[in-house]
Amino acid sequence: MEDKLLVLIVNDMVIFPNNEVRIEYDNSYDKQMIEIVDKIEDNLMLIVNPIEDGSIGVTSFPKYGVLGRLKLKMNVPNGKTRIVIEGIERVEISSYMEDGNFYRADYRKVDILEEDDAKDYFNILVKSLDNYIVKVPYMGNAIMSQLNGIDTLNDLCDLIVSFLPIKYEDKKKYITTIDPIQRAKYLMEDMNRDLKFVELEQKIEAEVEKELNDTQKEYFLREKIKLMQKELGEANNKDSEVERLTKKISKLKCNAKVKEKIKRELNRYDNLNSNSPEVGMIREYLDWMIHLPWNHYTKDTNDLVRVKRILDSSHYALEEVKDRILEYLAVKQNTNNLRSPIICLVGPPGVGKTSLAISIAKSLNRKTAKISVGGINDEAEIVGHRRTYIGANPGRIIQGIRKAGTTNPVFIIDEIDKMTKDIKGDPASSLLEVLDPEQNNKFSDHYIEEEFDLSQVMFIATANYVEQIPYELRDRLEIIELSSYTEYEKLDIAKNHLIPRELEEHGLTSLQVQMDDEAIMTLIRNYTKEAGVRELERMIASLFRKIVKKLLLTSDVAFYQIDNEMIEELLGKKKFTYMETSQEDEVGVVNGMAYTVFGGDILPIEATLFKGKGDLILTGSLGDVMQESCHIALNYIKSNAEQFHITTDIFENHDIHIHVPEGAVNKDGPSAGVTITTTLISLFTNRKVPKKIAMTGEITLRGRVLGIGGLKEKVIGAHRAGIKQVFIPDENEKDLDDIPEEIKKDIRFISVNNYSEIFQSVFREEDD
Ligand code: ADP
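Residues numbered from 1 in each chain as written. Predicted model: local features only at pLDDT ≥ 70, side-chain atom pairs only at ≥ 80, totals over all residues. Heavy atoms only, no water.

Asker: Kindly report on the site of the ligand, identifying the contributing residues and their values.
Answerer: Within the structure, the ligand sits among 19 residues, and Lys-353, Thr-354, Ser-355, Arg-534 and Glu-537 are positioned closest to it. Between a nitrogen atom of the ligand and a main-chain N or O atom of Tyr-316, the distance comes to 2.9 Å. Tyr-485 has a polar side-chain atom sitting 3.0 Å from a nitrogen atom of the ligand. Against a free-state accessible area of 560 Å², the protein chains account for coverage of 91% of the ligand. When residues of the shell around the ligand are traced back to their parent elements, those giving at least two are helix H14 (353-364), helix H19 (487-505) and helix H21 (534-553). For the shell around the ligand, the class distribution of residues is 8 nonpolar, 7 polar and 4 charged. Counting only domains with at least three residues in the shell around the ligand, you end up with domain 3 (304-481) and domain 4 (487-571). (Near = heavy atom within 4 Å. Polar contact = N/O pair within 3.5 Å; in protein donor to acceptor, adjacent residues only side chain to side chain. Areas by Shrake-Rupley, 256 points an atom, 1.4 Å probe, with all protein chains shown as cover. Helix = DSSP H or I, 4+ residues; strand = E, 2+ residues; numbered from the N terminus. Nonpolar A, V, L, I, M, F, W, Y, C, P; charged D, E, K, R; others polar. Domains from an automatic or database assignment.)

Have a look at this one:
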């Protein structure tokens, strides 16, 4: 392969025979290649221009190139390599091949025979060149001195083209066209076009000079450019664009002030030179202003019956939530007052917050906009960046409005409990301005600069936890809570909503696939762990996908009944098993109750005791608040040891270890107080606590039991684990109304105000 020459690929200039060029490289491939050429005898290489720009590969290489010689190579201080290459002659390249990072090729000299009429072309070309040099101001006459030694049309063409100021793309054909007469024709065309351009330019300039004062001059010079572009066949894009934009602007329904501003910007845009860096920025601004829905409303339905029908058909149960929404809409309709508070749907993931908001929009006949503000810490995300900022954009509110395309969409703001505050500002307070009916008819985004009326927008926020919604926002919001679904509710949702919907999406019917309750329950219990039904929906979709495949692949089976066995076959082994209470009652283990984003579950707390000096050891990655609960529980027991029949020396001679095993996550919060207390008393008194009991409640040093959150979820979890009796704080008794009847009939609830009531109840039987 060494006998073949290395190929130098040039992408931005053409090197002609008898022509010397200087090139600088920083590309390491080219550098390496030049190093090799520098070492070989004669320093020869083949120079080619790829047929299509940018694509490199044997197929993009041309049939003709130039044999070149490296005349000089020097490394310059900026890390680049400067070389001088001389073009020797046009050659035909017979085959290219790859050699590591480089290409090599075989070549053959091209014989160029000049016929008689070549002489005529020679003479005409010299004349044309003369004329060209005289008329074209930017063409020097250095070329003339080189004409002397030239006596073939071939060499003349190569010489002239190497001087001619034409584009790289146009120059390439002068290498690959072998016939010198054809090249001479090309040259005359190219020079003529240039000449016409120059004449036109001079003509207009002369007129401008004659007739115009300075301000008009600018206008006419612009006209001149347009004319020239037209002459050259290049349509003036910006010009026709300005025309198009003017038409659009005239149709906008914005107020006069805004329109004036848009027109002013358009004017600026029109007057700027296309190369100015501002052009793009103004164009983008115009784009925003033109596409914002200024005063473009959809008409609300006033038919609340229809609204209810749509909400009912899209969402199972959630009666209270739907009622509240209907009330809200009714009041709004009745008073035509839009200043009612903003709805905020709060609840764990997948319980239908977003989809309910979308259904509200649909039922009202409004468009939807949806943004998430989770994780944002910069107020510019809400109100935009000023236009002077590089890469500026409007904030998410304006972005959402543009996407919705109307002035009165239902605007869903997801995760308002997940914003953070830092040095870049407080997004919550910006959001407050957006939501405040007193101010939001004049909402001003920093990028848009003009006021936009948000007062007709129906905002619906969503959040996972009420407590984490920034305080100032909470005040503005009408909080509507959606809680976790029980297994039975999930079953109903699956049967009445998810399965029919997924069947349709997969092009299936109930004549082809059916799923009994037991199978759905298995999906709910063992393949998902969630408060809502999103994962369940995904699992059903996944099952149906696989069924569709089966139906298509095995033509003899036309119906599938999905049962537990089939679920395991299609979805693999069970993914989750819930904490189930063991059958045996034990000393030092008591069931607490946890509430996480996955819903509720039981949380057994264990304690042991061994010889020591009275230390308290806590494990199970407990949060600060839960650790405090352990100390409070222990001290409460110590100070009331007698009441609990505990001999006090047990505290001095033993270390106590409390552990909360894995299983339910999020082990923080005060609500395990009563459970820890019970666990310790069981340990100290060596008495067993029944496994079918669970409890929740914060404890104080005096033994008072305080209220807790998430009772419904906790109870649902406990019920699933087979719990029969639950102690709850008095304060939470009101929450029992929310607990589904099917659970209430299985569990006995005992509400307590003081821990002694739990003690009496749990340990009484053994006392008897
Ligand atoms: P969130 O916004 O609360 O996280 P989504 O609105 O995204 O939850 O709901 C997830 C999926 O569950 C959606 O497909 C939704 O239609 C479905 N879904 C949730 N709750 C219900 C319900 N009560 N009835 C019918 N489908 C529901």
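Asker: So what about the domain arrangement of the chain? Which residues, and what values?
Answerer: If you check the domain split of the chain, you get domain 1 (5-109), domain 2 (238-291), domain 3 (304-481), domain 4 (487-571) and domain 5 (586-767). On a C-alpha basis, the centroid separation for the pair domain 3 and domain 4 is 34 Å. In this assembly, 9 residues from domain 3 lie in contact with 10 residues from domain 4. Interface area for domain 3 against domain 4, summed over the two sides, is near 650 Å², with a carbon-plus-sulfur share of 59%. Sorting the residues of domain 3 by area buried against domain 4 places Tyr-316, Pro-349 and Gly-350 first, and these three jointly supply 71% of that buried surface. At the surface where domain 3 touches domain 4, the tally comes to 0 salt bridges. When its residues are assigned to classes, the side of domain 3 that touches domain 4 shows 4 nonpolar, 4 polar and 1 charged. (Contact = heavy atoms within 4.5 Å. Buried area = accessible area lost by both parts, 1.4 Å probe. Salt bridge = Lys/Arg side-chain N within 4 Å of Asp/Glu carboxyl O.)

Asker: Kindly report on the packing of H19 against H21, identifying the contributing residues and their values.
Answerer: When two helices pack together, their arrangement is given by the angle between their axes and by how far apart the axes lie. At their nearest, the axes of H19 and H21 sit 10 Å apart, and the two run at 45 degrees to each other. Comparing the axis directions of H19 and H21 gives the class oblique. Note that H19 runs across H21; the crossing there is right-handed. On H21, the residues that touch Lys-490, Ala-494, Leu-498, Ile-499, Arg-501, Glu-502 and Leu-503 of H19 are Leu-536, Glu-537, Ile-540, Ala-541 and Phe-544. Counted by class, the contact of H19 with H21 contains 8 nonpolar, no polar and 4 charged residues. (Axes fitted to C-alpha atoms, helices over the stretch in contact; angles between N-to-C directions. Parallel < 35°, antiparallel > 145°, perpendicular 65-115°, else oblique. Left-handed = near helix turned anticlockwise from the far one by under 90°.)

Asker: Can you break down unusual backbone geometry residue by residue, with the values?
Answerer: A positive phi angle, close to 50 degrees, is found at Asn-295, a residue other than glycine. Take Asn-295: it is sitting in the loop between helix H11 (278-291) and helix H12 (304-314). Under the relative-accessibility criterion, Asn-295 is labelled partly exposed at 36%. A positive phi is found at Glu-449, a non-glycine position, where the angle reads about 70 degrees. Position of Glu-449 relative to the elements: it lies in the loop between strand S10 (443-444) and strand S11 (451-452). (Buried < 20%, exposed > 50% of the residue type's maximum accessible area, 1.4 Å probe, protein only.)

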